[in-house]
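Listed below, chain by chain, are the residues.
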Amino acid sequence: GDSVTQMEGPVTLSEEAFLTINCTYTATGYPSLFWYVQYPGEGLQLLLKATKADDKGSNKGFEATYRKETTSFHLEKGSVQVSDSAVYFCALVNTGFQKLVFGTGTRLLVSP
Amino acid sequence: NAGVMQNPRHLVRRRGQEARLRCSPMKGHSHVYWYRQLPEEGLKFMVYLQKENIIDESGMPKERFSAEFPKEGPSILRIQQVVRGDSAAYFCASSLGQDQPQHFGDGTRLSIL
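Keep in mind it's a predicted model, so treat the numbers as computed, not measured.

Draft legend 1. Geometry of the side chain of B:Gln102. Mapped onto the secondary structure, B:Gln102 falls in the loop between β9 (88–95) and β10 (103–104). Here B:Gln102 falls in the buried class, since its relative accessible area comes to 5%. Here B:Gln102 is in contact with A:Tyr36, A:Gln98, A:Leu100, B:Tyr33, B:Tyr35, B:Ala93, B:Ser94 and B:Ser95, once residues within four sequence places are set aside.

Dropping the structure here:
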């Protein structure tokens, strides 16, 4: 079945450092890919998405490119802030199905 | 705030009791999804409903769990005879249509004593 694999955390960075969180997927067909962010005690917020190969999703300085050849959707940000500390989830939804398949999440801790 | 509303935010039950979790989708959304998040894990799909219909319940445990989304009122996830292993955060999401982004509520954190 479909699955998503994320790098394990926590990822600990200093403010203004470069961020990469790796995400790879296994899916039949042509899934849409998403990054969600979860702040403590809250639900998930959609951060960005890409619906087809070579699409780049971007939002709030974060970006990720849908790479079909490597089945990857790595999340990047050039300069992180303390307020970016949260858990980040990579997810996919496959064509014709409505259920999101999530990775296990990567906790990001940014220190001043 | 017209977001997805879940209540209660926290629910404590003793083993053997029933838990009822409510979800009001965003205005105009008729597609509702329930997910469960166990501690330190990602979210796992449970069930997908449209008004008065269960479309996909492939992630629902076979016993004790049920879900509904009536014509009027919120969607309800019901867990009968709760056990310790039911302790988790339960998230509801809604969308405008089948291929539209899902928007999540803040979840209900269920604790079983």
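Having seen it, we continue.
Draft legend 2. Region of interest: the environment of A:Phe18. All names here are of chain A. By secondary structure assignment, the location of phenylalanine 18 is in the loop between β2 (11–14) and β3 (19–21). Residues phenylalanine 18 and threonine 28 lie 10 residues apart in sequence; the distance between their C-alpha atoms is 32 Å. The contact partners of phenylalanine 18, leaving out residues within four places of it in the chain, are Leu13, Glu76, Lys77 and Gly78.

Draft legend 3. Geometry of the pattern of salt bridges. Residues and elements named next belong to chain B. Applying the stated criterion to the full structure yields seven salt bridges over all chains. As a salt-bridge pair, arginine 78 and glutamate 18 come within 2.9 Å of each other at their nearest N and O atoms. Linking arginine 78 in strand β8 (residues 75–79) with glutamate 18 in the loop between β2 (10–13) and β3 (19–24), this pair joins segments that are 60 residues apart in sequence. Between aspartate 86 and arginine 64 there is a salt bridge, with the nearest N and O atoms lying 2.7 Å from each other. Taken together, the residues span a long stretch of sequence, with aspartate 86 in the loop between β8 and β9 and arginine 64 in the loop between β6 (53–56) and β7 (65–68) at a distance of 22 residues. Its relative accessible area of 3% is what places aspartate 86 among the buried residues. A single network of salt bridges, built from pairs that share partners, joins Glu18, Arg20 and Arg78.

Draft legend 4. Fine view of the sheet that holds strand β7 (residues 56–59) of chain A. All names here are of chain A. On the basis of which strands lie adjacent, the open sheet formed by four strands has the order β3-β9-β8-β7 and antiparallel pairing. Where the open sheet ends on each side, the last strands, each with one partner, are β3 and β7. Here the strands of the sheet are splayed against their neighbours by 15° on average, with no regard to which way each runs. In terms of strand pairing, strand β8 (residues 62–65) meets strand β9 (residues 75–77) through three bridges, oriented antiparallel. Following the sheet pairing, alanine 64 is matched in β9 by leucine 75.

Basis of the calculations
- Residues numbered from 1 in each chain as written.
- Chains lettered and ligands numbered in written order.
- Predicted model: local features only at pLDDT ≥ 70, side-chain atom pairs only at ≥ 80, totals over all residues.
- Heavy atoms only, no water.
- Helix = DSSP H or I, 4+ residues; strand = E, 2+ residues; numbered from the N terminus.
- Buried < 20%, exposed > 50% of the residue type's maximum accessible area, 1.4 Å probe, protein only.
- Contact = heavy atoms within 4.5 Å.
- Salt bridge = Lys/Arg side-chain N within 4 Å of Asp/Glu carboxyl O.
- Pairing = 2+ DSSP bridges.
- Axes fitted to C-alpha atoms, helices over the stretch in contact; angles between N-to-C directions.

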